[in-house]
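# Structural overview
What follows is each chain in one-letter form.
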Amino acid sequence: TLVVTAHVIFDDSFQNKWNVSSSAALSFSTDQYYDGTVSLRYSSVRYGFYVYRTNSDSSVFDPVGSGYTHFEFKARIGATDKQSSFLLTSKIHPFVTVANVDISSPVYSNEQPTTADRWSVFRVPLSDLGLVAGMNLDGIFIMHGGDMLLDSYYDGIQFASYTSSMKFYYDNLFFSVY
């Protein structure tokens, strides 16, 4: 699977008029990152953070109409969290929920999302987030739920276009991309 184009939200810094909001502790980390030199560190048992457009006209971003097929991010959870789950919520202008998607299933990740102390790559088709051409995206909530207070790290948050379908399937502890 080849990435044709990408619209970066966060990779060492926020880009393309994106920013973040959270009611929990969210900071930058230089000790854990997927690539580059910085990741987002989130400290909470539950809840999450919201990536959103910072320009005053947030209604101008239509990811599907712009040719993107997937929402992608990398995440690393702490060593002691054995009951992790991830949920994405897409919001369109004017802040209307389109879909809540549980991405804890291995079909969205190259690692079991409950695998502690490893980076997982999540690729979620925009259609699974309920997005179609003509929908103007305000932002996406990224929520991680676990059973303990710990740090989780996020990197490489972006919209991407792939030349073929991208879902992960497991076969004994190894994964294949079809």
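This text goes with the structure placed above it.
Here we summarise the structure given alongside this text. The shown structure was predicted, so the numbers you read here are calculated from the model rather than taken from an experiment. (Residues numbered from 1 in each chain as written. Predicted model: local features only at pLDDT ≥ 70, side-chain atom pairs only at ≥ 80, totals over all residues. Heavy atoms only, no water.)

## A look at the packing of aromatic side chains
Tallying each qualifying case throughout the model produces 16 aromatic pairs. Taken together, the aromatic side chains of Trp18, Tyr42, Phe49, Phe61, Tyr68, Phe71, Phe73, Phe122, Tyr154 and Phe159 make up a single cluster linked through ring pairs. (Phe/Tyr/Trp six-rings, centres within 6.5 Å; stacked < 30°, edge-to-face > 60°.)

## Points about the nonpolar core
By size, the foremost hydrophobic cluster in this structure holds 35 residues, and its most contacted members are Phe71, Phe73, Tyr154, Ile157 and Phe159. Per-element accounting of this core gives the leading share, four residues, to strand E6 (residues 70–77). (Core = buried A, V, L, I, M, F, W, Y, C linked by side-chain atoms within 4.5 Å. Buried < 20%, exposed > 50% of the residue type's maximum accessible area, 1.4 Å probe, protein only. Helix = DSSP H or I, 4+ residues; strand = E, 2+ residues; numbered from the N terminus.)

## Here's the deal with the pattern of salt bridges
Under the criterion given, the structure shown has three salt bridges. A salt bridge links Glu72 to Lys74; the nearest nitrogen and oxygen atoms lie 3.0 Å apart. Residue class for Lys74 comes out buried when judged on its relative accessible area of 9%. Here Glu72 ties to Arg123 by a salt bridge, and the two come within 2.5 Å at their closest N and O atoms. You can see Glu72 sitting in strand E6 and its partner Arg123 sitting in strand E9 (residues 119–125), a full 51 residues away along the chain. Of the two residues, Glu72 and Arg123, neither departs from the other in class, the shared state being buried. Counted as one network, the salt bridges with shared partners bring together Glu72, Lys74 and Arg123. (Salt bridge = Lys/Arg side-chain N within 4 Å of Asp/Glu carboxyl O.)

## Concerning unusual backbone geometry
With the exception of glycine, the majority of residues adopt a negative phi angle, and the majority of peptide bonds are in the trans configuration. Although it is not a glycine, Asn16 sits at a positive phi angle of roughly 55°. Counting through the fold element by element, Asn16 comes out in the loop between strand E1 (3–10) and strand E2 (18–21). With a phi close to 65°, Lys17 is a non-glycine residue in the positive phi region. By the secondary structure assignment, Lys17 is in the loop between E1 and E2.

## Re the pairing of strand E5 (residues 48–53)
A large share of E5 lies buried, amounting to five of its six residues. Bridging between E2 and E5 involves four bridges; their strand directions are antiparallel. Looking across to E5, one finds that Asn19 is bridged to Tyr52. (Pairing = 2+ DSSP bridges.)

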